[in-house]
Protein chains: 2
Amino acid sequence: MASRPVVVLAGGVGAARFLRGLVRAVPPDDIVVIGNTGDDMWWHGLYIAPDLDTVTYWLAGVADEARGWGIRGDTFTAQAALATLTDASWFQLGDRDLATHLYRTGRLTSSAPLHTVTAELAEQLGVRSRILPMCDEPVETRLKTDAGDLHFQEYFVRERYRPRVREIYWTGLDAARPAPGVAEALSASRAVLIAPSNPSISIGPILRVPGMRELVAAVRDRTVAISPVIAGRAVKGPTVELLRAEGIRPDALGVAEVYRDVARGFVLDSADASLAPAIAALGYRIAVRPTMLDDGEAAREVARAALDILQQPAAA
Amino acid sequence: MASRPVVVLAGGVGAARFLRGLVRAVPPDDIVVIGNTGDDMWWHGLYIAPDLDTVTYWLAGVADEARGWGIRGDTFTAQAALATLTDASWFQLGDRDLATHLYRTGRLTSSAPLHTVTAELAEQLGVRSRILPMCDEPVETRLKTDAGDLHFQEYFVRERYRPRVREIYWTGLDAARPAPGVAEALSASRAVLIAPSNPSISIGPILRVPGMRELVAAVRDRTVAISPVIAGRAVKGPTVELLRAEGIRPDALGVAEVYRDVARGFVLDSADASLAPAIAALGYRIAVRPTMLDDGEAAREVARAALDILQQPAAA
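Since the model is a prediction, treat every value here as computed from it, not as a measurement.

### Here we look at the overall build of chain A
- When helices and strands are counted, chain A shows 13 helices and 14 strands.
- Whereas a compact globule of 316 residues would reach a radius of gyration of roughly 20 Å, chain A reaches 19 Å, a difference of no more than 12%.
- Dimensions along the principal axes, computed over C-alpha positions, put chain A at roughly 60 × 45 × 40 Å.
- Counting contacts in chain A only where the partners sit at least 6 residues apart, residues at least 24 apart contribute 68% of the total.

### Description of the interface of chain A and chain B
- Counting from both sides, the interface comprises 23 residues of chain A and, opposite them, 23 residues of chain B.
- Elements with a minimum of two residues in the side of chain A that touches chain B: strand 4 (46-48), helix 3 (77-85) and helix 4 (95-109) of chain A.
- The dominant element in the side of chain A that touches chain B, judged by the number of residues it contributes, is helix 4 of chain A, at 9 residues.
- Its residues placed into classes, the side of chain A that touches chain B shows 12 nonpolar, 9 polar and 2 charged.

### A word on the pairing of strand 10 (residues 223-226) of chain B
All names here are of chain B.
- Of the two faces of strand 10, the one carrying Thr223 and Ala225 and the one carrying Val224 and Ile226 are both buried.
- Relative to strand 13 (residues 265-269), strand 10 is paired through 3 bridges, and the arrangement is parallel. Looking across to strand 13, one finds that Val224 is bridged to Gly265.

### Concerning the sheet that holds strand 8 (residues 165-171) of chain A
Residues and elements named next belong to chain A.
- Pairing is antiparallel in the open sheet, where 3 strands are placed in the order 7-6-8. Among the strands making up the open sheet, the edge pair consists of strand 7 (148-151) and strand 8. Taking the axes of each pair of neighbouring strands and ignoring which way they run, one obtains an average angle of 25° across the sheet.

### Notes on the relation of the copies chain A and chain B
- When chain A is fitted to chain B, the best match, at an RMSD of 0.0 Å, comes from turning it 180° and sliding it 0.0 Å along the axis. When the rotation and shift are considered jointly, the pair of chain copies conforms to a two-fold rotation axis. Within chain A, the C-alpha atom positioned nearest to the axis of rotation is that of Gly45 of chain A, 3.0 Å from it.
- A high fraction, 100%, of the interface residues of chain A reappear at the interface in chain B, so the copies pair face to face through one surface.

### With respect to the packing of helix 1 (residues 13-25) of chain A against helix 2 (residues 50-60) of chain A
Residues and elements named next belong to chain A.
- Packing of helix 1 against helix 2 brings their axes to within 9 Å, and their N-to-C directions diverge by 30°. Between helix 1 and helix 2, the angle is such that the two are roughly parallel. Of the two possible hands of crossing, helix 1 and helix 2 adopt the one that is right-handed. For the pair helix 1 and helix 2, the contacting residues are Val13, Ala15, Ala16, Leu19, Arg20 and Val23 in the first and Thr54, Val55, Trp58 and Leu59 in the second.
- Class assignment for the residues of the contact of helix 1 with helix 2 results in 8 nonpolar, 1 polar and 1 charged.

### Brief notes about the sheet that holds strand 2 (residues 31-35) of chain B
Residues and elements named next belong to chain B.
- Overall, parallel pairing links the 7 strands, which are arranged 5-2-1-9-10-13-14 in an open sheet. At either end of the open sheet lies a strand with only one pairing partner, and these are strand 5 (130-133) and strand 14 (285-289). Strand-to-strand twist in this sheet, taken as the mean axis angle between neighbours without regard to direction, amounts to 20°.
- Across 5 bridges, strand 1 (residues 6-10) lies against strand 2 in parallel orientation. Directly across from Val6, in strand 2, lies its bridge partner Ile31.
- Helix 1 (residues 13-25) contacts strand 1, strand 2 and strand 10 of the sheet and is inclined by roughly 165° relative to strand 1.
- Contacts from helix 13 (residues 296-309) reach strand 9 (191-194), strand 10, strand 13 and strand 14 within the one sheet, and its direction differs from that of strand 14 by about 160°.

### Concerning the nonpolar core
- With 194 residues, the main nonpolar core has Val8 and Leu19 of chain A together with Val8 and Leu19 of chain B as its most contacted residues.
- Leaving out residues up to four positions away in the same chain, Leu19 of chain A has contacts with Val8, Ala10, Val33, Val55, Trp58 and Leu59 of chain A.
- With 10 residues, the next largest nonpolar core counts Leu143, Tyr155, Phe156 and Ala245 of chain B among its residues.

### Description of unusual backbone geometry
- Backbone geometry at Arg160 of chain A places phi at a positive 50°, although glycine is not the residue there.
- When the 11 C-beta atoms within 10 Å are taken as the criterion, Arg160 of chain A is described as exposed.
- If you check the backbone angles, Ser111 of chain B has positive phi at about 75° while not being a glycine.
- With respect to the helices and strands, the residue Ser111 of chain B is situated in the loop between helix 4 (95-109) and helix 5 (114-124).

### Quick notes on the pairing of strand 5 (residues 130-133) of chain A
Residue and element names in this part refer to chain A.
- Neither face of strand 5 is exposed, since Arg130 and Leu132 on one face and Ile131 and Pro133 on the opposite face are all buried.
- As defined by bridge partners, strand 2 (residues 31-35) adjoins strand 5 across 4 bridges and the pair is classed as parallel. Each residue of the ladder has a partner; that of Val33, found in strand 5, is Ile131.

### Examining the environment of Ala256 of chain B
- Summarising the element assignment, Ala256 of chain B is placed in helix 11 (residues 252-258).
- The contacts of Ala256 of chain B, once residues within four sequence positions are left out, are Phe266, Ile279, Leu282 and Tyr284 of chain B.

### Overview of the packing of helix 1 of chain B against helix 13 of chain B
Residues and elements named next belong to chain B.
- Contact geometry of helix 1 with helix 13 gives a least axis separation of 7 Å together with a crossing angle of 70°. Put simply, helix 1 runs roughly perpendicular to helix 13. Every residue of helix 13 that contacts helix 1 at Arg17, Phe18, Arg20, Gly21, Leu22, Arg24 and Ala25 is listed here: Gly296, Ala298, Ala299, Arg300, Val302, Ala303, Arg304 and Leu307.
- By residue class, the composition of the contact of helix 1 with helix 13 is 8 nonpolar, 2 polar and 5 charged.

### Quick notes on helix 5 (residues 114-124) of chain A
Residues and elements named next belong to chain A.
- Among all positions of helix 5, only Leu114, His115, Val117, Thr118, Leu121 and Ala122 are buried. For helix 5, the angular spread of buried residues about the axis comes to 165°, placing them on one side.
- Elements in contact with the buried residues of helix 5: helix 2, helix 4 and strand 5.
- Positive phi appears at Gly126, one or two residues downstream of helix 5, with a value of about 85°.

### Digging into the environment of Val262 of chain B
All names here are of chain B.
- If you trace the backbone, Val262 turns up in the loop between helix 11 and strand 13.
- Along the primary structure Val262 and Val192 are separated by 70 residues, whereas in three dimensions their C-alpha atoms are 9.9 Å apart.
- Discounting chain neighbours no more than four positions away, the residues touching Val262 are Leu207, Arg213, Val216, Ala217, Arg220 and Thr223.

### With respect to helix 13 of chain B
- Between its terminal C-alpha atoms helix 13 of chain B stretches 20 Å, which fits the 20 Å expected from 14 residues at 1.5 Å a residue.
- Tucked into the core, helix 13 of chain B has its buried residues touching helix 1, strand 9, strand 10, strand 13 and strand 14 of chain B.

### Some words on the environment of Val117 of chain A
All names here are of chain A.
- Within the element layout of this structure, Val117 appears in helix 5.
- The class of Val117 is buried, set by 23 C-beta atoms lying within 10 Å.
- Once residues within four sequence positions are removed from consideration, Val117 is found in contact with Arg104, Arg107, Leu108 and Ala112.

### Digging into the confidence of the model for chain A
- With 97% of its residues at a pLDDT of 70 or more, chain A shows a mean pLDDT of 94.
- Across the interfaces of the predicted complex, the ipTM metric reaches 0.89, alongside a pTM of 0.92.

Thresholds applied
- Residues numbered from 1 in each chain as written.
- Chains lettered and ligands numbered in written order.
- Predicted model: local features only at pLDDT ≥ 70, side-chain atom pairs only at ≥ 80, totals over all residues.
- Helix = DSSP H or I, 4+ residues; strand = E, 2+ residues; numbered from the N terminus.
- Rg over C-alpha atoms; globule rule 2.2 N^0.38 Å.
- Contact = placed C-beta atoms within 7 Å.
- Nonpolar A, V, L, I, M, F, W, Y, C, P; charged D, E, K, R; others polar.
- Buried ≥ 20, exposed ≤ 12 C-beta atoms within 10 Å, placed from the backbone.
- Pairing = 2+ DSSP bridges.
- Axes fitted to C-alpha atoms, helices over the stretch in contact; angles between N-to-C directions.
- Least-squares fit on C-alpha atoms with pLDDT ≥ 70 in both.
- Parallel < 35°, antiparallel > 145°, perpendicular 65-115°, else oblique.
- Left-handed = near helix turned anticlockwise from the far one by under 90°.
- Core = buried A, V, L, I, M, F, W, Y, C linked by C-beta atoms within 7 Å.
- Arc of directions from axis to C-beta.
- Expected span 1.5 Å × (residues − 1).
- pLDDT = per-residue confidence, 0-100.

Structure, rendered in C-alpha cells:
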C-alpha cells in the first residue's frame, strides 16, 4: 500500500466507472478501494460478490463495460445448461466469471477470509490497486417490497427493481467489523473519495459496518463525495427509488445531507448547479462538473475535481 | 418404479458401460440403480458426485463415452479460467457439467436430500431408469498412501493412481443409512446385479452402508455379480492395486470370494474360464462370457447372461 493512499468507498458499476478515471489521475498503486459486500449472495453453492467483482474486473481491464457486469467476451455455456435444469437461473454468470466464484468459494470454504481472497483475485487478474471488502463477515442488504422480503439481487436482477420498496434493512451487521486493512488505509489516507454509487444500498452498507462511520468521520476533512444523482435522476438503476425508500431527498442535496458527517467536499453535476448554494450551506466545499462518466477521460476530470477540492481553502 | 425392478449396484464407468447394455435387455423403466457416493467431494464449493453423474450421463445418452466422464462436446472455458487463478484445478469439469453441480449444490444447500436431487437431475436429463445414491449422508472413501492420506479423487485424478495404497478407509459410515427407496427396491426386485465396478472402492462403500449388506444378502438368491477383472487385469484404472490393498486376490476368484455372502450368481470372462470350477465351488451359479463391454451389444450380452443365471436350477 502507498504510504498515503487515496481511499475510495465503492459500490458497483458507478464506482467502477469512476475508478477508471481515478487511475488516470493518480497512480493505481496509490489507490485502496473499500467495496460494498451487502449485495453478496450464495448462488447454487457459490459465493458471489457482485460489487467486488465489478470493481476488480474494471480495474483489471477485463470488464464487459457496455453490459456493466461480467467479463468481456465471456461465454454462457454453463448458464444455458443450468437454465434447462431449473428456473432458478436468473442470475447470469459467464463461464470465465464462474471461475472467479469457484476460486473464491473454494478459498472461503478452506477458511480463508474474504479480504485475503479478494486480494488474491485482484493480484491474479493484474490489478495494481488494493481492493478490500468492507468487512469479512456476511452482511446482507434486504428489501421489504410489495413483492415480498427480497435479497437485493432478487430485487435488482430477478425482479428488475419493479417492486415498490417499503424498507431497506441489513442482516449480519452486529457481527461485522471493518476488514483488516480498512482502518489503516483510512487513517493513512491523503484523500477519501465516496464514489458516485447508490448512497442507500451501495455506500450505505459500508458506512453501517460498526466502527466504519467513525473511521471515515475522523478523516472527514479529506473526504469528498461524488453525487450519483444528476438532475434528480440516477445514471443507472433504481437509485432514486431506493433513496426515497430511505426517506432521502432524491437529488444531489439529499445525497449531500446523507454524507454531511463523513465528507467535507462534494462534487455535483453541472445540471444541478442551482443546488450548489444549499449544499455549500451544509458546510461542504463543492465542485460543479459534468459527472456523466461516459468514458475514462470524463471520469478522470471528475476524479481530478474531487481531489482538487481538498486544495481549496477551508472557507471556500 | 416397476413393481419388480432389476436393481443394479453401480460404481462409475464400468457400471455405466454395463447399464448401456442392460437397458437393451430390460425396459429402462424397470431398472433401479444404487450408486456409489464414496467418491463424492466438495470442489471449490460445489458438491461433485462423479459416479452418480457418470451413470446419469450414460443413461441419458449425453456422456462422453470415449473419455469416460463428463458430457459429450462440452467446453472447458470455466476450467481454463480457473487454471489461471489456482493450481487446485486438477479436477476437470466442463461448462455444461458445471451446471449439474451448480444445480445439485443449490438444491443440497436448500436442504433437499441427495436422493431427491439425484432423481431430479435424472428426470431433467430424460433418464427413464431410477437412480438412487447409496445413502443421503456424506461418506468418504479415503486412502492411506505413500503420498499421504488422500481423498479417492485426489488419488485417482490428481495423483493418477501412482502412489502405493496402504489402506482404504471410510469416514461418515456410522451416520449413513440406505437412501430412501433402496430397501424397497431391493426387497421388491426380480434381480439384483452387481455391476463390473471395483469391488473395493466402488461396490465396497455401497455394501458398507450400515444395513445395506443385510438387505442384499436377504435377496442373495436373485443377486448376480459381474467380474470387473479379466485375466487378472482391470479393464480400466487401479482396480487390481486396490483389491490388493484390501487383501483381496486380484482376479475373478478373489472378486467372487468378496461377494460370496451377497450373490448367488457370477459372470466371469472367457479368459478366466479356468477359475470357473473354483468359483462354482464357492456356491455360485456361473456364466462365462466375453465381458469386455466395448459397445452396447457386448454389454447387452453380459446383462442377458447375468439375468439368465437366475433361471438356472439351483444345483447347476
